[in-house]
Amino acid sequence: MNNKTKKLTMIGMLCAISYVAAAALRIPLVLFLKYEPKDIIIAISGLIFGPLTSFLIALIVSFAEMVTISENGVLGFL
């Protein structure tokens with residue numbers, strides 16, 4: 001299997017895991033603050049693949065959240 005294909009599928013899987021973690025495991029802390037374990041997954045992906053990949057995963061997951069489960073819409077995406 002090609003290395004680019006492996007990296008692309010791994011990034012897709014990390015995006016999916018991050019999205020599921022954000023959707024299912026939100027823990028409210030104080031008023032509007034919520035702990036989302038997706039940030040840990042994104043940080044680990046940054047350690048594995050580098051900061052640009054981590055940024056892309058965060059961007060993709062934030063866009064998916066904006067379209068589906070966001071309470072703030074575009075503001076939450078930004």
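Residues numbered from 1 in each chain as written. Predicted model: local features only at pLDDT ≥ 70, side-chain atom pairs only at ≥ 80, totals over all residues. Heavy atoms only, no water.

Remark: helix α1 (residues 3–24) packs on helix α3 (residues 51–68), axes separated minimally by 9 Å, with the N-to-C direction vectors making an angle of 45°. When the axis of α1 is compared with that of α3, the two are oblique. For the pair α1 and α3, the sense of crossing is right-handed. Residues K7, I11, L14, C15, S18, Y19 and A22 of α1 form the contact with α3, whose own contacting residues are T53, I57, I60, V61, A64, E65 and T68. Among the residues making up the contact of α1 with α3, the classes are represented as nine nonpolar, three polar and two charged. (Axes fitted to C-alpha atoms, helices over the stretch in contact; angles between N-to-C directions. Helix = DSSP H or I, 4+ residues; strand = E, 2+ residues; numbered from the N terminus. Parallel < 35°, antiparallel > 145°, perpendicular 65-115°, else oblique. Left-handed = near helix turned anticlockwise from the far one by under 90°. Contact = heavy atoms within 4.5 Å. Nonpolar A, V, L, I, M, F, W, Y, C, P; charged D, E, K, R; others polar.)

Within the largest apolar cluster, eight residues are counted, these being I11, L14, C15, A21, I41, I42, I57 and V61. Contributions of two or more residues to this core are made by α1, α2 (38–49) and α3. Element by element, the count of residues in this core is highest for α1, at four residues. Residues within four places of I42 in sequence aside, it is in contact with S18, S54, I57 and A58. (Core = buried A, V, L, I, M, F, W, Y, C linked by side-chain atoms within 4.5 Å. Buried < 20%, exposed > 50% of the residue type's maximum accessible area, 1.4 Å probe, protein only.)

Our focus in this paragraph is the confidence of the model for the protein. Mean pLDDT for the protein: 86, with 94% of residues reaching 70 or above. Summarising per-element confidence for the protein, the mean pLDDT is lowest in helix α4 (residues 74–77) (69) and highest in α2 (92). (pLDDT = per-residue confidence, 0-100.)

With respect to the helices and strands, S45 occurs in helix α2. Among the polar contacts made by the side chain of S45, one reaches the main-chain carbonyl oxygen of I42 at a distance of 2.6 Å. Apart from the residues within four sequence positions on either side, S45 is in contact with L14, G50, S54 and I57. (Polar contact = N/O pair within 3.5 Å; in protein donor to acceptor, adjacent residues only side chain to side chain.)

Close contact between α2 and α3 brings their axes to 7 Å; oriented N to C, the two are set at 150°. Put simply, α2 runs roughly antiparallel to α3. Of the two possible hands of crossing, α2 and α3 adopt the one that is right-handed. In this structure, α2 contributes K38, I42, S45, G46 and F49 to the contact, and α3 contributes P51, T53, S54, I57, A58, V61, S62 and E65. Looking at the contact of α2 with α3, its residues break down into six nonpolar, five polar and two charged.

This part takes up the pattern of salt bridges. Summed over all chains, the structure comprises two salt bridges. Among the ionic pairs, E36 bridges to K38, the shortest N-O distance being 3.8 Å. Judged by its relative accessible area of 15%, E36 falls in the buried class. The buried category is assigned to K38, whose relative accessible area is 8%. In this structure, the salt-bridge partner of K38 is E65, at a minimum N-O distance of 2.5 Å. Of this pair, K38 sits in helix α2 while E65 sits in helix α3, placing them 27 residues apart in sequence. For the pair K38 and E65, one class covers both residues: buried. Through salt bridges with shared partners, a single ionic network connects E36, K38 and E65. (Salt bridge = Lys/Arg side-chain N within 4 Å of Asp/Glu carboxyl O.)

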